[in-house]
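Tertiary structure, described
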Amino acid sequence: MTTTPQSTTALAATATRAVALRIAEVVLKTGRYDDMAAFYTYVLGHGPFYERIPDPDAPPRPAGMPERAVDVRLGFFRVHDGPHGNQVLALFGIDRLTGSEASGPGLHHFQFGVGSLGELVAQAEHMAALGARPHRAANHGQATSFYYRDPDGNIVEFSCANFATTEEEVAFMSGPVFAANPSGLELDPGRFVARYRAGDAEEELLRLDNQTVAL
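A brief report on the enclosed structure follows. (Residues numbered from 1 in each chain as written. Predicted model: local features only at pLDDT ≥ 70, side-chain atom pairs only at ≥ 80, totals over all residues. Heavy atoms only, no water.)

**Topic: the nonpolar core**
In summary, soluble globular proteins display a tendency toward joint burial of nonpolar side chains. Grouped together as the largest cluster of nonpolar side chains are 31 residues, with contacts concentrated most on Tyr40, Leu91, Leu117, Phe146 and Phe158. Contributing elements (two or more residues each) for this core: helix 2 (33–44), strand 4 (85–93), strand 5 (109–113), helix 3 (117–130), strand 7 (143–149), strand 8 (155–161) and helix 6 (189–197). The biggest single contributor to this core is helix 2, with six residues. Sequence-distant contacts of phenylalanine 146, defined by excluding residues within four places in its chain, comprise Leu120, Ala124, Pro134, Arg136, Ala137, Val156, Glu157, Phe158, Pro189, Phe192 and Val193. Counting residues in each nonpolar core, the second largest holds eight residues, with Val72, Val88, Ala90 and Ile94 among its members. (Core = buried A, V, L, I, M, F, W, Y, C linked by side-chain atoms within 4.5 Å. Buried < 20%, exposed > 50% of the residue type's maximum accessible area, 1.4 Å probe, protein only. Helix = DSSP H or I, 4+ residues; strand = E, 2+ residues; numbered from the N terminus. Contact = heavy atoms within 4.5 Å.)

Next comes the structure, spelled out in C-alpha cells:
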C-alpha cells in the first residue's frame, strides 16, 4: 500500500537528502504499438534494441494488478548512452487501449534535447520528410523548441539551448522577461527553418521580438 505525505512541510523537516537524479527511462503505453514503434524508429534513427511479445499461454494477470513488462508487447529504444547510465524510451503495447484517446492527468509532453540550432532545424527537416509537421514552435528565451504529436497524440518536443552556459540560462530565467512570459515567442516553424537555411544570423533568429513571429 502506498501512502501520500500530508504536507511538503513535513518532507522539508526530514534529515535525509535527495541524491542526484537523471531521467533514465520514459515508458509510453499504447494500443498502437506498430505505429508508435515505426514513429520512434524514424525519430531516433534506429529500431528497438529489445522487443518481446508476451507468451499467449501465460496465466492471466490478476484483476486490479497494473501491467508489468511480462504482460505486454514490449519495445526498448536507446536514446543516449552516457558515463553515468543510459537513457531509454520504452513502449508497452496494451491491446485494450486500442482506439482510446489520451486524456486526463498524466504525461503532458516530453523533450528530446539537440546540440545546436542547426541540429534543431535538421531534425525539423527530418520530421517533414516523414510528413510530420510541428503543431507549435516557440523561442522560450532560454531555449527554442519544435513540438510534434506521435501516433497516440503524445506531445514530443525537440529543443536546443539558446545560451552557451548554464549560468547564462539561469540568469535569463531569473529575470523579468522570462517571469512575464515563460512561454516565449511563438514562431512560424516553416519560416524559421527557411530563414536559417537562407543564412540569417542566429542572434537575429533568436531575438525575442516580432522578427520571427508568424506573419
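**Brief notes about the packing of aromatic side chains**
Enumeration over the complete set of coordinates arrives at ten aromatic pairs. Relative to phenylalanine 76, the ring of tyrosine 50 has its centre 6.2 Å away and its plane inclined at 40 degrees; by these criteria the two rings are tilted. Here the residue tyrosine 50 occupies a position in strand 2 (residues 50–52), and phenylalanine 76 occupies one in strand 3 (residues 73–82), the gap between them amounting to 26 residues. Relative to phenylalanine 178, the ring of phenylalanine 172 lies with its centre 6.0 Å away and its plane at 65 degrees, an arrangement referred to as edge-to-face. Owing to a relative accessible area of 17%, phenylalanine 172 belongs among the buried residues under this scheme. The cationic tip of arginine 78 hangs over the ring face of phenylalanine 49; the distance from NZ or CZ to the ring centre is 4.1 Å. (Phe/Tyr/Trp six-rings, centres within 6.5 Å; stacked < 30°, edge-to-face > 60°. Lys NZ or Arg CZ within 6 Å of the ring centre and 35° of its normal.)

**A word on the pattern of salt bridges**
Scanning the model with the defined rule gives seven salt bridges in all. Of the charged contacts in the structure, one is a salt bridge between arginine 195 and aspartate 200, with a shortest N-O distance of 2.6 Å. In this structure, glutamate 204 engages arginine 207 in a salt bridge whose closest nitrogen and oxygen atoms are separated by 2.9 Å. Since its relative accessible area comes to 32%, glutamate 204 is described here as partly exposed. (Salt bridge = Lys/Arg side-chain N within 4 Å of Asp/Glu carboxyl O.)

**With respect to the pairing of strand 6 (residues 136–139)**
Sheet topology places strand 6 next to strand 7; four bridges connect them, and they run antiparallel. Bridge pairing in strand 7 links arginine 136 to tyrosine 147. Counted between consecutive antiparallel strands, the loop separating strand 6 from strand 7 contains three residues, among which glycine 141 sits at a positive phi close to 105 degrees. When strand 6 meets strand 9 (residues 185–186), the two strands line up antiparallel, connected through two bridges. When the bridges of strand 9 are listed, asparagine 139 appears paired with leucine 185. (Pairing = 2+ DSSP bridges.)

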